Amino acid sequence: MRLFGHRFSIAALIGLAIIAINLLGAVLAPVIAPYGESTPVGDVWAPPSAEYWLGLDNLGRDMFSRLLYGARTTISIALVITCLSFAIGIAMGFSAAVVGGWIDTMLSRLVDTLMAIPTLILALIVLSVLGTSIPVLVGTIAVLDSTRVFRLSRAVGLNIAVMDYVEVARLRGEGLRWIVWREVLPNALPPLIAEFGLRFCFAFLFIASLSFLGLGIQPPYADWGGMVRDNAQAINFGGMAPMIPAIAIGQLTIGVNLLVDWFLSIHSRAHGEGA
Amino acid sequence: MSAPASPTDGARNPPTKTEILRIEGLRIEARTDEDSPAKLIVDGVDLVLHRGEVLGLIGESGAGKSTIGLAALGYTRPGCTIVGGKILFDGVDLRSLTPEQRRQRRGRRVAYIAQSAAASFNPAKRIYNQICEGPVRHGLMSYEQAKAEAIQLFRELDLPSPETFGERYPHQVSGGQLQRAMAAMAMSCHPDILVLDEPTTALDVTTQIEVLASIRKLIRVHHAAGLYISHDLAVVAQVANRIMVLRHGKMVEEGEADQILHRPRMDYTRALVSNREGKAGHMGATAGGAAPVLEISQVTASYAKLAKVVNDINLTVRKGETVAVVGESGSGKSTLARVITGLLPREAGDIRFQGISLPPALAQRSRDLLRRIQMIYQMPDVALNPRQKVGEIIGRPLAFYLGLSGKRMRERIAELLRDIDLSPDFADRYPGQLSGGQKQRICIARALAAEPDLIICDEVTSALDPLVAEGILDLLGRLQRSHGYAYLFITHDLGTVRRIADRVAVMLKGRLVAEGPREQVFAPPYHPYTKLLLSSVPEMDTHWLDGVLADRAQIRAAAELA
C-alpha cells in the first residue's frame, strides 16, 4: 500500500489497522453491541464472562457495549474539534503569512495571549460559565487548539509565501483566497497532516480529562474519559473496570501516533554515508 | 586588486609524475526512494591524478562530476551507493577502509571546496574558529599554530588585512572573500588533494577572476593536486592541466586542456566548445522605429527608504525589441524589474506602458494591465507550484485573464505546449517530473498564455546548463519573431547579451552607466565599467587569465572612479 508515493512501514500498517478497527467499532456500534448503551443488565462491576465479555460497570451496564458507543462519541467529537480548529488555524495562519503587516501582528499577539493562559484552566472557566453542552465543548476546545495550528501554519506559510510561484500569482492579480487555498495550502499539506494526527489525539485526551473532571460529555452518553471516572472507585476493590476504557484511550493514541510517525519520517531525509 | 601571478609561476609547472589518486571503473548508483529502481549515475569512470596537477571535470548537470568529486573523499550523497570500482588514494583503496579511517583522511589529506561558501560556513562562529577546526581536530597543530597558518593562507589568498580577517563572522565579508576563506579552510591541513566543486559559479564575473586567480595561486604554491569541477569550460581552462569531459556518468573524452579547447575529438565536446564561444546574432528583427512599449523616465526606488537601489533610470523598450540590462549582483537590475511590475512602488519618475502611465503599486493596476506585462524567473524550480499540474499552471492565466474554460482551454493549452516544443500530454505532469529546461519552457508558456506585450526575463538562463540555455534563447527568439513581443532581458552573462540583445543598458550601483545599441555599447570607446565587465568574461584560452590579470588593476581603478 502506498500513500504520497511512499510505502507504509510495518508500524504504520499496525497504526492504520488500529484506527480502522476503532472506526469500524464506532460506526457499527448499534449492530455489534450485544446490549444497550445505558441499560443495566446485571451486577455492579461483574467480572468478565462469556455473557459480558469485558464485565459490567459501576451501574451494571455492559462494558463492551459502552466502549463501542463511547468510541462513537469520543472519536466523532474529537474529529469535529480537530477539523474545526484546523479550519480556523489554517485560514488565520496562512492569511497572516501571506498578507503580513498589521494583520499578522494582530493575529499573532492575540494567539500569544490565548496561549499564555493554561488551556485546561481556560476551558474550565468557559465551560463552567456557559454550561457543558456538546456545542460549547466543541467550540471551546476547537478555538483553544486552533492557536497551535495557527502557529504551525503561519511558520510553514511564511516559507512558502516567499516562493516565486506565489509572486507569480500576486503579479497575475490573484486574490488572497486563491493564494492561500491554491498556492500555499497544497504545499503545506505534509506537515499539516502530521499535525492533524497529533492534535486529534490531544483533542480526545483533552475531552477525556474534561470528562474525568465532570465537565465533558454528560451521562448517560458513554465516552471513554467519563467511563474511567465513573469506574475509578473499582480500583479500591481490585476491579479492573477503569482499566478497560483507559486501555481504549491508550491504544487509539498509539495507533494514530504510529501513523503520524511514519508520515513525519517520509518527509525528513536520510543523511549521507560512507562509500 | 589581486596581485597577478608572476609569469614564472604562471607557466604551468610540469607535474612531477607521482600518482596520488587513481580511480578505476567507478560505478555509483542512486535511488530517490527505497523501492524505486536504482539508476547508475557514474558508469565505469577511470581517472588518474598526479601530485601538483589539476584535472578539470566538465559536464552538464547530471553528468556525475560532483559525485565523482565526492567519491574521491570516499563519500557519497544521501541515496547514492558505490557499487563497483576502486578509489586508490595514495595506493590505498578507500572502499576497503572503515568509516573511521575514511574520516581520518577527509579534511586532512583530501579537502573539499563547495559552490556556496555562504551555505558552508556556520554563521554563528568566527571564521578563525572554522578554519582552525580541521588541523586542531586532526591533531596536526595547536590552535595558535593553526591561527598563524591561517593568517599565512589569508595572505596567499590576497584577502584584505590578513591579520584580522579571521576575527570576522561570515556575514561580515563579501561573497568572493568568503569563497577564498573556504579555500583557506580546505588548505588548512595541507591536503594532498583539493576537490573544488564549482567554486566560482555563484560569483559575479568580476569577482570570479579574483577568486580564480587566488585559488590557482594557492594550488601552485602548495603543490597540491586538484579536481576542478565546473560546467564552464573557459573557467576550467584557466586552472586545469588536463580536462575530462563527462556526460550521463560516462567519460566522453580526456586530454590536455589546450587539446580539448582547440582540437576536441568528440562531437559532444565540440558542441560544448562552440556553444561557449557563442555567436553574435540578433534575436528578433531590429525594430528601430517601432512604437515604444515601455518608457521608463527618471525612475527612483529604494527599500525601506534607505539607499536608492534604483536611481534615476531612463530606458525605452520598443515593440519586437530585446533590451538587455546587465550588471553585477547588487547593481539593482532585478529591483528595476520589481519596480516595473509594481511589486516595489517607485518613489519618483514615471513609467509609461504603451503611452499610459502605470500606477506605481501592483494593487492599483487593472487586470488587463497586469496581463500585458509578464515575467519569467531565474529558477524555474521555485517559479512553478510543485503541487499543480502543468495544465493547471498554464490554464490559470487563460481562465483568469481571458475567461477560457473547458474544451477551448484544453485546446489552447495544447497549442501553447506545442509552441514551446513540448507535446500536449505534458499537461498532465507535475513540475517535479520535468527537467530544468522543460520547466523553464513551462514558465515561458505561462507567460505567453496571458498574451502579453512585454516579457521581463530575469536571468532566465543562468540556472540552466549551457546547451539547454541555448535552446531556451532560440525559443525566445523564435517567439519574438512570430509574435512581436518586447523583451526586457536582465542578466549578468555578457555572452547571452552579445547573442540576443538589440540594445544594452549597463547598470552599476543603481544607475545606468551606459545605454544604447549593442554594437555601440560593446565597441570602443567603452565606458570603463563596461570594459571591466567585458574583460572579465573568461575566454577559451588557457592563458587568458594570465593576460587579463596584468592590466586588471588599472581597469578596475578607472571603473570605480567613473
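A.B. asks: Tell me about the overall build of chain A, and name the residues and values.
C.D. replies: Scanning chain A for helices and strands turns up 10 helices and two strands. Ordered by position from N to C terminus, the α and β elements of chain A give β-β-α-α-α-α-α-α-α-α-α-α. Overall size of chain A, expressed as C-alpha extent along the three principal axes, is 70 × 60 × 35 Å. A buried classification covers 39% of the 275 residues belonging to chain A. The contacts in chain A between residues at least 6 apart in sequence include a share of 67% that link residues at least 24 apart.

A.B. asks: A description of the overall build of chain B should follow, citing residues and the corresponding values.
C.D. replies: Assigned secondary structure in chain B consists of 24 helices and 20 strands. A compact globule built from 562 residues should have a C-alpha radius of gyration of about 24 Å, and chain B, at 25 Å, falls within 12% of that. Seen through its principal axes, chain B has C-alpha atoms that stretch 70 × 60 × 45 Å. Taking the intrachain contacts of chain B between residues at least 6 apart in sequence as the baseline, contacts between residues at least 24 apart amount to 71%.

A.B. asks: Can you lay out the sheet that holds strand β8 (residues 225-230) of chain B for me, pointing to particular residues and giving the numbers?
C.D. replies: Residue and element names in this part refer to chain B. Read across the sheet, six strands follow the order β6-β7-β8-β3-β9-β10 without closing on themselves; strand pairing throughout is mixed. Both edges of this open sheet fall to β6 (110-113) and β10 (250-256), since each of them pairs with a single strand only. This sheet shows a mean twist of 15° between the axes of neighbouring strands, independent of strand direction. The pairing of strand β3 (residues 54-58) with β8 spans five bridges and is parallel. The partner of Leu-57 across the bridge, within β8, is Ile-229.

A.B. asks: Explain the interface of chain B and chain A to me, using residue names and the numbers behind them.
C.D. replies: Accessible area lost during the coming together of the parts is what is often quoted as the interface size. Facing 27 residues of chain B, the contacting portion of chain A comprises 19 residues. Across the side of chain B that touches chain A, the residue classes break down as 17 nonpolar, four polar and six charged.

A.B. asks: Before we move on, can you summarise the domain arrangement of chain B with the specific residues and values?
C.D. replies: Residues and elements named next belong to chain B. Splitting chain B by domain gives domain 1 (18-277) and domain 2 (292-523). Counting from both sides, the interface comprises 10 residues of domain 1 and, opposite them, seven residues of domain 2. At four residues, the largest contribution of residues to the side of domain 1 that touches domain 2 is made by helix α12 (residues 267-277). Residue classes in the side of domain 1 that touches domain 2 are distributed as three nonpolar, four polar and three charged.

A.B. asks: Now, about the environment of Leu-97 of chain B: what can you tell me, with residues and values included?
C.D. replies: Residue and element names in this part refer to chain B. For Leu-97, the location among the structural elements is in the loop between β5 (92-93) and α3 (99-105). Judged by the 18 C-beta atoms lying within 10 Å of it, Leu-97 falls in the partly exposed class. Sequence separation of Leu-97 and Gly-74 is 23 residues, and the distance between their C-alpha atoms is 9.3 Å. Filtering out sequence-adjacent residues up to four positions away, Leu-97 remains in contact with Val-92 and Arg-102.

A.B. asks: An account of the sheet that holds strand β2 (residues 39-50) of chain B is requested, with residue identities and associated values reported.
C.D. replies: Residue and element names in this part refer to chain B. If you trace the four strands from one edge of the open sheet to the other, you get β2-β1-β4-β5, paired in antiparallel fashion. Among the strands making up the open sheet, the edge pair consists of β2 and β5. Taken together, the nine bridges between strand β1 (residues 19-30) and β2 define a ladder with antiparallel strand orientation. By the bridge assignment, Glu-29 is partnered in β2 with Leu-40.

Rules used throughout
- Numbers given to residues run from 1 along each chain, matching the order in which its sequence is written.
- Chain letters start at A and ligand numbers start at 1, both assigned in the order the entries are written.
- Restriction of local features to residues with pLDDT of at least 70 applies here, the model being predicted, together with a cutoff of 80 or more for giving and counting side-chain atom pairs; totals for whole chains, interfaces and linings are based on all residues.
- Numbering of helices and strands runs from the N terminus; a helix is a DSSP stretch of H or I covering at least four residues, while a strand is a stretch of E covering at least two.
- Residues with at least 20 neighbouring C-beta atoms inside 10 Å of their own are called buried, those with 12 or fewer are called exposed, and the rest are partly exposed, where every C-beta is derived from the backbone.
- Here contacts are defined at the residue level, using C-beta atoms placed from the backbone and a cut-off of 7 Å between them.
- Note on method: radius of gyration uses C-alpha positions; expected globular size equals 2.2 Å times residues raised to 0.38.
- Only strands joined by at least two bridges in the DSSP assignment are considered to pair.
- An axis is simply a line fitted to the C-alpha atoms; with a helix, the fit covers only the stretch in contact. Between two such axes, the angle follows the N-to-C directions and lies from 0 to 180 degrees.
- Put simply, Ala, Val, Leu, Ile, Met, Phe, Trp, Tyr, Cys and Pro go in the nonpolar bin, Asp, Glu, Lys and Arg in the charged bin, and everything else, Gly too, in the polar bin.
- Segmentation of the chain into domains, including their bounds, is taken from an automatic or database domain assignment.

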